[in-house]
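Secondary and tertiary structure notes
Residues per chain are reported as follows:
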Amino acid sequence: MSRDSVVAQLVAIREWGTIPETGRYATLKSITHPTLIVHGNKDIVVTPINAFILAEHLPYAQLIMYPDANHAAYSQYAENFLENARPFLSG
């Protein structure tokens, strides 16, 4: 492996997963599959604003925000989640 390829790999590793200064959500617009976003409004692992950002930038997103639910909102509201997920998955 050449030095140049090692340097290029290290640069790619450092840049992978970084949030760009501008246009950070631009790639979400290219995801055209229907997307169901399920979130709890009391989630402290992934703050609820992230669900709203996804719903805003994914063209075919549907957001379900469960009240008084934490990180595993779908299990806290299992029956309600199934009632919402079935029609979504049936298309």
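All of these numbers come straight from a predicted model, not from anything done at the bench.

About the criteria used
Residues numbered from 1 in each chain as written. Predicted model: local features only at pLDDT ≥ 70, side-chain atom pairs only at ≥ 80, totals over all residues. Heavy atoms only, no water. Helix = DSSP H or I, 4+ residues; strand = E, 2+ residues; numbered from the N terminus. Rg over C-alpha atoms; globule rule 2.2 N^0.38 Å. Buried < 20%, exposed > 50% of the residue type's maximum accessible area, 1.4 Å probe, protein only. Contact = heavy atoms within 4.5 Å. Areas by Shrake-Rupley, 256 points an atom, 1.4 Å probe, with all protein chains shown as cover. Lys, Arg positive; Asp, Glu negative; His and termini not counted. Charge placed at Lys NZ, Arg CZ, Asp CG, Glu CD. Patch = residues over 30% accessible without salt bridge, like charges linked within 9 Å, V, L, I, M, F, W, Y side chains within 5 Å. Salt bridge = Lys/Arg side-chain N within 4 Å of Asp/Glu carboxyl O. Polar contact = N/O pair within 3.5 Å; in protein donor to acceptor, adjacent residues only side chain to side chain. Pairing = 2+ DSSP bridges. Right-handed = clockwise from strand over helix to strand, strands pointing away.

Considering the overall build of the chain
Along the chain, the regular secondary structure elements total 4 helices and 2 strands. Listing every helix and strand of the chain by position from the N terminus yields α-β-α-β-α-α. Here the C-alpha radius of gyration of the chain, 18 Å, is well above what a compact globule of 91 residues would show, namely 12 Å. The principal-axis extent of the C-alpha atoms belonging to the chain is close to 55 × 30 × 25 Å. Within the chain, the proportion of its 91 residues that are buried is 18%. Intrachain contacts of the chain at a sequence separation of at least 6 include 62% that bridge at least 24 residues. When the accessible surface of the chain is split by element, carbon and sulfur atoms take 59% of a total near 7,000 Å². If the 6 positive side-chain charges of the chain are averaged to one point and the 8 negative ones to another, these points end up 6 Å apart.

Observations concerning a nonpolar patch on the surface
Nonpolar side chains collect at one region of the surface, where Met-1, Val-6, Leu-10 and Ile-13 lie side by side and expose about 440 Å² of accessible area between them. The exposure class of Ile-13 is exposed, given its relative accessible area of 60%.

Regarding the side chain of Asp-43
Along the chain, Asp-43 turns up in the loop between strand E1 (35-40) and helix H2 (49-57). Buried within the structure, Asp-43 lacks any salt-bridge partner; Lys-42 is the closest side chain of opposite charge, at an N-O distance of 12 Å. At 3.0 Å, the side chain of Asp-43 forms a polar contact with the backbone nitrogen of Val-46.

Things to note about the pairing of E1
Pairing of E1 with strand E2 (residues 61-66) involves 6 bridges; the strand directions are parallel. Bridge assignment links His-39 to a residue of E2, and that residue is Met-65. Viewed along the sheet, the connection from E1 through H2 into E2 turns out right-handed.

Focus on the environment of Asp-68
By the element assignment, Asp-68 lies in the loop between E2 and helix H3 (73-76). Distance from Asp-68 to Ile-44, taken between C-alpha atoms, is 12 Å for residues 24 residues apart in sequence. Sequence-distant contacts of Asp-68, that is, excluding residues within four places in its chain, are made with Asn-41, Lys-42, Gln-76 and Tyr-77.

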